[in-house]
Amino acid sequence: MKHGISLGKFSRTSSHRDLMLRNLVTSLFEHERIKTTLPKARDAARLAEKIITMGKKGDAGSHTRAANFLLKPVALTNLLQTFSKRYAERPGGYTRILKLGNRQGDNAPQAVLELVDNPQDLRWEMTARAVGWDILQDKVQKQRVSTVVKQGAGETTKVLAAEKRIEFGEKGGVLRPKTRWNVQKLLRYRGEEGLNQLSEKASAHADKLLATPLALKTMFDRKKDIEQHNLAPRPIAGQKHVGETRSVLDLSKGRLGYQRQAPSKVLTLKKTFNLKSHHV
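The structure displayed is predicted, hence computed values, not measured ones.

The rules behind the values
Per chain, residues are indexed from 1 in the order of the written sequence. Given that the model is predicted, a residue must reach a pLDDT of at least 70 before its local features are reported, and side-chain atom pairs must reach 80 or more before they are shown or counted; all residues, however, enter totals for whole chains, interfaces and linings. With hydrogens and water stripped out, all remaining heavy atoms of the structure feed into the side-chain values. Numbering of helices and strands starts at the N terminus; helices are DSSP runs of H or I of at least 4 residues and strands are runs of E of at least 2. Partly exposed residues are those whose accessible area sits between 20% and 50% of the maximum for their type, while under 20% is buried and over 50% is exposed, using a 1.4 Å probe and protein chains only. Throughout, nonpolar core names a set of buried Ala, Val, Leu, Ile, Met, Phe, Trp, Tyr and Cys residues whose side chains join them through atoms within 4.5 Å. The contact rule is simple, with two residues in contact once any of their heavy atoms fall within 4.5 Å. Here the rule is simple: two strands pair whenever DSSP picks up at least two bridges between them. Structural elements are reduced to axes, namely lines fitted to C-alpha atoms, with helices fitted over the stretch in contact, and the angle between N-to-C directions of any two is expressed from 0 to 180 degrees.

1. Here we look at the environment of Gly92
Position of Gly92 among the secondary structure elements: in the loop between helix 4 (73-86) and strand 2 (95-102). Under the relative-accessibility criterion, Gly92 is labelled partly exposed at 27%. For the pair formed by Gly92 and Ile52, sequence separation is 40 residues and the distance between their alpha carbons is 9.2 Å.

Have a look at this one:
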């Protein structure tokens, strides 16, 4: 009967397995993000949750148990000084596991184990980029592309505050349902400061998208399917778009400049041996 078996064996002895998991939790507390296999990440996350709960209690017994478990003094210092304050209002769920696919060679499933709300939170970065894209996409559908380029994303703080109040399954809003759900999860224990930080990151990513011709072209193509009379943004003289084969000097001359022919797809001897044509 399976009694008292809570963690995997990992084809190791009990002493080797315990030391391996202690090492993983110590590295997690030291770097706040580690990369390992998925089964190891799951077991290490369970132990890390318990150690953080010990650090939040603050009594002498919990301090002694956490100090005996961790292998480095810096991990204990981060637990007592940083993590206990960061997760003071959070009842649980201090870790996050992100799957990375299978490893080349032995095909083992890989994963990233990280502490939530850390300075380099992957979910925070991905959600901020998704928010910037959704807000910009909504503006492109309602306004002209040239107006959006001049104004930018606008007041992202108001949009995030409104999206935070929308209940799950309720229609409306600017963001996609999955993005709205991630925003609500990230801002649940961060308060007003987290709202402002997420708004700044989303605005910065929206400005970066406006500066990227390929992303702007994608948004314009989606709007073109809805409104046939909408015209593409006029290119600036000397601006080189993605995939442009002409030189900047030719682009600065506009339509009067030399129009370079596109490279031929037919394979010839001149193209194969890089031969130049000689005129007699």
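2. Thoughts on the nonpolar core
Grouped together as the largest cluster of nonpolar side chains are 30 residues, with contacts concentrated most on Val25, Phe29, Leu70 and Leu79. If you list the elements that add at least two residues to this core, you get helix 1 (14-31), helix 2 (38-57), helix 3 (60-69), helix 4 and strand 3 (109-115). Broken down by element, the residue count for this core peaks at nine residues, all from helix 2. If near-sequence neighbours (up to four positions away) are discounted, Leu70 is found in contact with Arg22, Val25, Thr26, Phe29, Ala75, Leu76 and Leu79. Counting residues in hydrophobic clusters, the runner-up holds 22 residues, among them Trp124, Val131, Val148 and Leu210.

3. Digging into the pairing of strand 3
Counting buried residues along strand 3, six of its seven residues qualify, which places the element largely inside the surrounding structure. Here strand 2 pairs with strand 3 via seven bridges, running antiparallel. Across the sheet, the residue bridging to Lys99 is Ala111, located in strand 3. Here strand 2 hands over to strand 3 after six residues, with Gly105 in that stretch at a positive phi of 120°.

4. Description of the sheet that holds strand 3
Spatial strand order, 1-3-2: three strands in an open sheet with antiparallel pairing. Where the open sheet ends on each side, the last strands, each with one partner, are strand 1 (33-37) and strand 2. For this sheet the average axis-to-axis angle between neighbouring strands, irrespective of direction, equals 25°. Where strand 1 lies against strand 3, five bridges are found, and the strand directions are antiparallel. Each residue of the ladder has a partner; that of Thr37, found in strand 3, is Gln110.

Everything listed here is a matter of coordinates, which is why it stays silent on function.
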